[in-house]
Amino acid sequence: MIPHRGPTVDQTSLTIVLPLTLAAFFVAFACWTLFAVIGVDLQRIFQLSNTRYALLIAMPVLAGGLLSFPLGLMTQRFGGRRVILACLAGLVVALALLSWVTSYTGFLLAGAGLGMAGGLFSAGLHYLVSYLPPGRAGLVFGVFGVGLGGAGFSYLIVPAVREAYSWELAPLAYLLVIVLIILLLLVLTDPEPRPSQSPQPSRSDATAQLWITPMACRFSLYFGFLFGGVVALMLWLPGYLSAVFSLSLDDGARWSLLFALPMVLSQVPGGMGADRFGSVLVLRIALFSALVLLFLLSYPDTTMTIHGVTRDIPLHLAPLLSVSVVLLVLLSAAMGTGIGAVMRLLFEQFPKHLGGVGGMMLASGCISAFALPMMFGMANDLVGIRSSVFMLLFALCGMTVLTLESAHYRHYRPLDRAL
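Residues numbered from 1 in each chain as written. Predicted model: local features only at pLDDT ≥ 70, side-chain atom pairs only at ≥ 80, totals over all residues. Heavy atoms only, no water.

Digging into the overall build of the protein chain
Working step 1: Tallying secondary structure elements over the protein chain gives 18 helices and 2 strands in all.
Working step 2: Scored against the burial criterion, the 419 residues of the protein chain give a buried share of 53%.
Working step 3: A sequence separation of at least 24 residues applies to 83% of the contacts in the protein chain between residues at least 6 apart. (Helix = DSSP H or I, 4+ residues; strand = E, 2+ residues; numbered from the N terminus. Buried < 20%, exposed > 50% of the residue type's maximum accessible area, 1.4 Å probe, protein only. Contact = heavy atoms within 4.5 Å.)

Structure follows, in structure tokens:
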């Protein structure tokens with residue numbers, strides 16, 4: 001049962017708020033991967049070791065994961081629009097810092113400032129709730145979720161800016177866009193309507209309940225696998241495809257771009273399907289589809305001999321590039337559909353605590369995106385099979401499926417009613 005947000009919905013406001021919130025979310029997440037592109041120049045300038053380079057490019061995501069939950073709690077206290085503007089202002093400061101810092105430590109501090117983008121997820125969801133049309137939460141959140149595709153935007157735009165001018169102009173270009181979005185938000189939007197006053201527990205009590213609620217932990221697991229797994233694969237696939245299929249690193253990166261796009265686009269039909277058929281059903285289909293696809297991708301290059309009646313029959317099973325790319329595209333679409341369903345389910349179960357629980361979800365996704373590539377490397381070293389990456393994700397997906405099936409959502413009621 002979806003809680004009703006009022007007798008009428010200001011559709012005109014939604015047509016303004018949704019594009020601006022989406023633009024802010026998209027550009028903020030593009031800032032997260034800025035170091036992944038300009039980091040190559042910084043590694044050459046500062047003669048960085050692989051460890052220091054890895055810390056530099058991971059700093060925005062790591063800081064975003066640490067900041068997302070407290071920023072989510074601030075969203076519930078001060079409102080989504082205020083936190084969106086504060087996060088965008090913080091990104092402006094961080095991007096300006098990139099223009100004049102001259103040391104490795106300075107770039108690390110600027111990278112930590114880019115972690116302010118983590119607040120745009122929960123703040124954007126919270127802000128949009130006030131303008132949702134009845135029965136279309138999945139569609140609106142699915143469109144908003146397209147902003148996650150900003151994480152791959154820098155891979156396309158920043159190299160072009162660097163080749164035409166210099167890498168120093170890339171942060172400046174992002175800064176100007178963010179300033180424009182801030183001005184449009186200030187001029188064209190208003191703070192979300194205040195909810196009707198009702199007796200509420202103290203914020204510390206509510207926060208404690210959010211942390212100990214099994215449902216909130218399950219949501220963090222779902223988003224950790226879906227979002228964290230997609231981002232980790234985006235980082236890992238160029239090297240994987242290059243090694244398995246003997247491609248150049250540039251060719252591996254080009255093929256990897258095909259993995260990012262379906263995840264972005266499939267969130268909209270995922271949210272629409274959740275509106276019509278139910279969030280849990282769509283999420284279940286997405287997870288089971290991902291489980292099957294990961295199983296197929298896990299099968300390694302194999303040579304075996306079948307001992308027949310009269311002779312031995314050699315058999316060689318090897319993945320083909322075209323087949324692997326098709327499976328990866330389908331996997332990306334399944335995980336994007338799951339993200340759309342999870343965001344719709346978040347609105348159903350936590351209509352008044354989108355900020356806190358949304359922040360927990362993003363923190364889980366960031367931690368997964370930070371930890372999974374290291375686990376991929378360890379799996380390759382320990383198992384010695386490159387497809388062990390997908391074996392690891394298969395195990396994580398299986399655990400997510402079991403968690404979903406054991407949840408019995410039909411017996412749950414929204415946490416807000418209990419609070």
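On we go from here.
Comments concerning the pattern of salt bridges
Working step 1: Evaluated as defined, the whole model comprises 3 salt bridges.
Working step 2: In this structure, Asp 275 engages Arg 344 in a salt bridge whose closest nitrogen and oxygen atoms are separated by 2.5 Å. Linking Asp 275 in helix H13 (residues 267-277) with Arg 344 in helix H15 (residues 321-349), this pair joins segments that are 69 residues apart in sequence.
Working step 3: Accessibility expressed as a relative area gives 19% for Asp 275, which makes it buried.
Working step 4: Residues Arg 284 and Glu 405 are paired through a salt bridge, measuring 2.6 Å at the closest nitrogen-oxygen approach. With Arg 284 in helix H14 (residues 279-298) and Glu 405 in helix H17 (residues 388-405), this residue pair connects regions lying 121 residues apart in the sequence.
Working step 5: Look at Glu 405 and you get partly exposed, because its relative accessible area is 32%.
Working step 6: Ionic contacts of the salt-bridge type, sharing partners, join the residues Asp 275, Arg 344 and Glu 348 into one network. (Salt bridge = Lys/Arg side-chain N within 4 Å of Asp/Glu carboxyl O.)

Observations concerning the environment of Leu 241
Working step 1: For Leu 241, the position within the fold is in helix H11 (residues 214-244).
Working step 2: Here Leu 241 is in contact with Ser 246, Leu 247, Gly 252, Trp 255, Ser 256 and Leu 328, once residues within four sequence places are set aside.

Brief notes about the packing of aromatic side chains
Working step 1: Using the criterion set out here, one finds 11 aromatic pairs in the structure.
Working step 2: Seen from their ring centres, Phe 46 and Phe 107 are 5.7 Å apart, and the 65° between their planes marks the pair as edge-to-face. Taken together, the residues span a long stretch of sequence, with Phe 46 in helix H2 (residues 34-46) and Phe 107 in helix H5 (residues 104-114) at a distance of 61 residues.
Working step 3: Put simply, the rings of Phe 25, Phe 29, Phe 121, Phe 144, Phe 223 and Phe 227 touch in pairs and so form one group of aromatic residues.
Working step 4: Across from the ring centre of Tyr 104, 4.2 Å away, lies the NZ or CZ of Arg 52, which sits over that ring. (Phe/Tyr/Trp six-rings, centres within 6.5 Å; stacked < 30°, edge-to-face > 60°. Lys NZ or Arg CZ within 6 Å of the ring centre and 35° of its normal.)

Overview of empty space enclosed by the protein
Space left empty within the atom packing is revealed by a probe, the size of a water molecule, rolled over the atoms.
Working step 1: Applying the stated criterion across every chain yields a total of 1 cavity of 30 Å³ or more.
Working step 2: Reported here for the largest cavity is a volume of approximately 40 Å³.
Working step 3: Around the largest cavity, the lining residues are Leu 241, Trp 255, Leu 258, Phe 259, Val 325, Leu 328 and Val 329.
Working step 4: Sorting the residues of the lining of the largest cavity by element identifies helix H12 (249-265) and H15 as the ones contributing at least two each. (1 Å grid on protein atoms, 1.4 Å probe; cavity = no way out; pocket = protein on both sides within 12 Å on 5 of 7 lines; lining within 4 Å. Points joined across faces, edges and corners; volume = space filled by probe spheres on them.)

Description of H13
Working step 1: Every buried residue of H13 is listed here: Gln 267, Gly 270, Gly 271, Gly 273, Ala 274 and Asp 275.
Working step 2: Looking one or two residues past H13, Gly 278 carries a phi angle of roughly 105°, positive in sign.

Description of the nonpolar core
Working step 1: In terms of nonpolar packing, the biggest core is built from 120 residues, with Leu 88, Leu 95, Phe 141, Ile 178, Leu 233, Leu 283 and Leu 331 touching the most fellow members.
Working step 2: Among the elements that line this core, the one with the most residues is H11, at 16 residues.
Working step 3: Leave out the neighbours within four places in its chain, and Leu 283 touches Tyr 222, Leu 226, Gly 338, Ala 341, Val 342, Leu 345 and Leu 404. (Core = buried A, V, L, I, M, F, W, Y, C linked by side-chain atoms within 4.5 Å.)

Description of H14
Working step 1: When the terminal C-alpha atoms of H14 are compared, their 28 Å separation across 20 residues agrees well with the 28 Å that a helix rising 1.5 Å per residue should span.
Working step 2: Along H14, the residues that are buried comprise Ser 279, Val 280, Val 282, Leu 283, Ala 286, Leu 287, Ala 290, Leu 291, Leu 293, Leu 294, Leu 297 and Ser 298.
Working step 3: Buried-residue contacts for H14 involve H11, H13, H15 and H17. (Expected span 1.5 Å × (residues − 1).)

Some details on the packing of helix H7 (residues 137-145) against H13
Working step 1: Two elements in contact, H7 and H13, have axes whose closest approach is 7 Å; the angle formed by their N-to-C orientations is 165°. As summarised for this structure, H7 and H13 are arranged roughly antiparallel, according to the angle between their axes. Crossing angle aside, the handedness with which H7 passes H13 is right-handed. Seen from H7, the contacting residues are Ala 137, Gly 138, Leu 139, Gly 142, Val 143 and Gly 145; seen from H13, they are Gln 267, Val 268, Gly 271, Met 272 and Asp 275.
Working step 2: Looking at the contact of H7 with H13, its residues break down into 5 nonpolar, 5 polar and 1 charged. (Axes fitted to C-alpha atoms, helices over the stretch in contact; angles between N-to-C directions. Parallel < 35°, antiparallel > 145°, perpendicular 65-115°, else oblique. Left-handed = near helix turned anticlockwise from the far one by under 90°. Nonpolar A, V, L, I, M, F, W, Y, C, P; charged D, E, K, R; others polar.)

With respect to the side chain of Ser 220
Working step 1: Position of Ser 220 relative to the elements: it lies in helix H11.
Working step 2: Take Ser 220: its relative accessible area is 11%, and that puts it in the buried class.
Working step 3: Every residue in contact with Ser 220, bar those within four places of it in the chain, is listed here: Met 360, Met 361 and Ser 364.

A short note on the environment of Thr 75
Working step 1: Note that Thr 75 resides in helix H3 (residues 50-78).
Working step 2: With relative accessibility at 0%, the residue Thr 75 sits in the buried group.
Working step 3: With 50 residues separating them in the primary sequence, Thr 75 and Leu 125 have C-alpha atoms 9.8 Å apart.
Working step 4: Look past the residues within four positions of Thr 75 in its chain and what remains in contact with it is Gly 80, Val 83, Ser 122, Ala 123, His 126 and Gly 355.

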